[in-house]
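Now for the letters of each chain:
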Amino acid sequence: MLYSCAYFTEWHNDIDRAQHDKLDIGCGWGALICHAAKNYGVSARGVTLSQEQYDRTQTRIKEMGLEDLVTVEIRDYNHLDGTYDKISSIGMYEHIGLANIPGYMQKVKHLLAPGGLFHNRAIARRTREKGRRLRFRAEHKAILKYIFPGTALTDISHTQQAMEQAGFEVRDVEGWREHYALTCRIWCERLYAREDEAIVLVGEPNYRMWVAYLAGVSLSFTRGSILIYQALASHGRESVTATNAGGLIYLALIVAL
Ligand SMILES: C[S@@+](CC[C@H](N)C(=O)[O-])C[C@H]1O[C@@H](n2cnc3c(N)ncnc32)[C@H](O)[C@@H]1O
């Protein structure tokens, strides 16, 4: 189970295929770390704040026989230790708070071995035009209140600058908004198709809120009023080769030894 943007190598691919292509095997529900261990033989560690995600990931690890390679913990990223060759964070950066971005970058850099790679993917807002104040429209306020309390988006220039200020070298930045527009549209259609089941599970107000959110956010990505980027940065000045970049996979703060 994944709940971040899929990557469509072909626009007609179905969403399950697209999730596989992006190798988003995130700590959320443990898909990324298990995929990484199974297919690339890495030792992977995942962290989440959710008990349900932790339990599901433990089950997945056992079912796949990956106990020697994969560990998962309930732990805040601030309390991580160790040294890792690759660190990836998907869909978590939005939750850390703008004031914590410099500390987050420093923490990741501290955990990364020299020559290591850091992959960060997050929804972003547009850069404000000079002189314009940041305004929150009603739909943004509703999302903050009902869907993702406590989240804060920044723009990609700020993220790149924060990476560089922490001492990373930015190697690549890719915009994914069309992919998230399609991901959210498909999620919305799937939810709508199972309306009765969803209402039994979460009640009608919640169901309606999520249908409206997914439809609206899909439109926002299509129009470019919100954005999503993944950025790849290296620790140190070693050249990034096909070999050391190849093992990079994506996770919601998952670290691969
Ligand atoms: C939107 S989910 C993305 C999950 C996964 N990457 C995916 O693509 O499906 C965000 C994840 O970040 C985790 N998270 C949020 N804040 C965190 C923190 N301070 N430390 C560690 N994990 C955190 C959540 O528990 C959740 O697993």
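Every value quoted in this text rests on a predicted model; they were computed, and no experiment measured them.

Q: I keep staring at the packing of helix α7 (residues 177–193) against helix α9 (residues 204–223) and nothing clicks. Help me out?
A: When two helices pack together, their arrangement is given by the angle between the helix axes and by the axis-to-axis distance. Between α7 and α9, whose axes approach to 8 Å, the crossing angle comes to 155°. One finds that α7 runs roughly antiparallel with respect to α9. For the pair α7 and α9, the sense of crossing is left-handed. Residue-level inspection shows Arg 177, Tyr 180, Ala 181, Cys 184, Arg 185, Trp 187, Cys 188, Leu 191 and Tyr 192 of α7 in contact with α9, the latter providing Tyr 207, Trp 210, Val 211, Leu 214, Ala 215, Val 217, Ser 218, Phe 221, Thr 222 and Arg 223. Across the contact of α7 with α9, the residue classes break down as 14 nonpolar, two polar and three charged.

Q: In this structure, what is going on with the packing of aromatic side chains? I would like to understand it.
A: Each aromatic ring pair is characterised by the separation of its centres together with the angle its planes make. Using the criterion set out here, one finds nine aromatic pairs in the structure. Relative to Tyr 104, the ring of Tyr 77 lies with its centre 5.3 Å away and its plane at 90°, an arrangement referred to as edge-to-face. Here the residue Tyr 77 occupies a position in the loop between β2 (70–74) and β3 (84–90), and Tyr 104 occupies one in helix α4 (residues 101–111), the gap between them amounting to 27 residues. Of the two residues examined, Tyr 77 and Tyr 104, each falls in the buried class.

Procedures and definitions
Throughout, residues of each chain are indexed from 1 in the direction in which the sequence is written. Given that the model is predicted, a residue must reach a pLDDT of at least 70 before its local features are reported, and side-chain atom pairs must reach 80 or more before they are shown or counted; all residues, however, enter totals for whole chains, interfaces and linings. With hydrogens and water set aside, each side-chain value is computed from the structure's full complement of heavy atoms. The axes are straight lines fitted to the C-alpha atoms, using for helices just the contacting stretch, and the angles between their N-to-C directions are given from 0 to 180°. The helix count covers DSSP runs of H or I at least four residues long, the strand count covers runs of E at least two residues long, and both are numbered beginning at the N terminus. Each angle receives one of four descriptions, namely roughly parallel if under 35 degrees, roughly antiparallel if over 145, roughly perpendicular if within 65 to 115, and oblique otherwise. By the definition used in this description, the sense in which the near helix is turned from the far one sets the handedness, with an anticlockwise turn below a right angle giving left-handed and a clockwise turn giving right-handed. Should any heavy atoms of two residues lie within 4.5 Å, those residues are considered in contact. Classes in brief: Ala, Val, Leu, Ile, Met, Phe, Trp, Tyr, Cys and Pro nonpolar; Asp, Glu, Lys and Arg charged; the others, Gly included, polar. What counts as a ring pair is set by centres within 6.5 Å for rings of Phe, Tyr and Trp (its six-membered ring), and what kind of pair is set by the plane angle: stacked under 30 degrees, edge-to-face over 60, tilted for all other angles. When accessible area is computed with a 1.4 Å probe and restricted to protein chains, residues below 20% of their type maximum are described as buried, those above 50% as exposed, and intermediate ones as partly exposed.

Everything listed is a geometric property; what it means functionally is a separate question.
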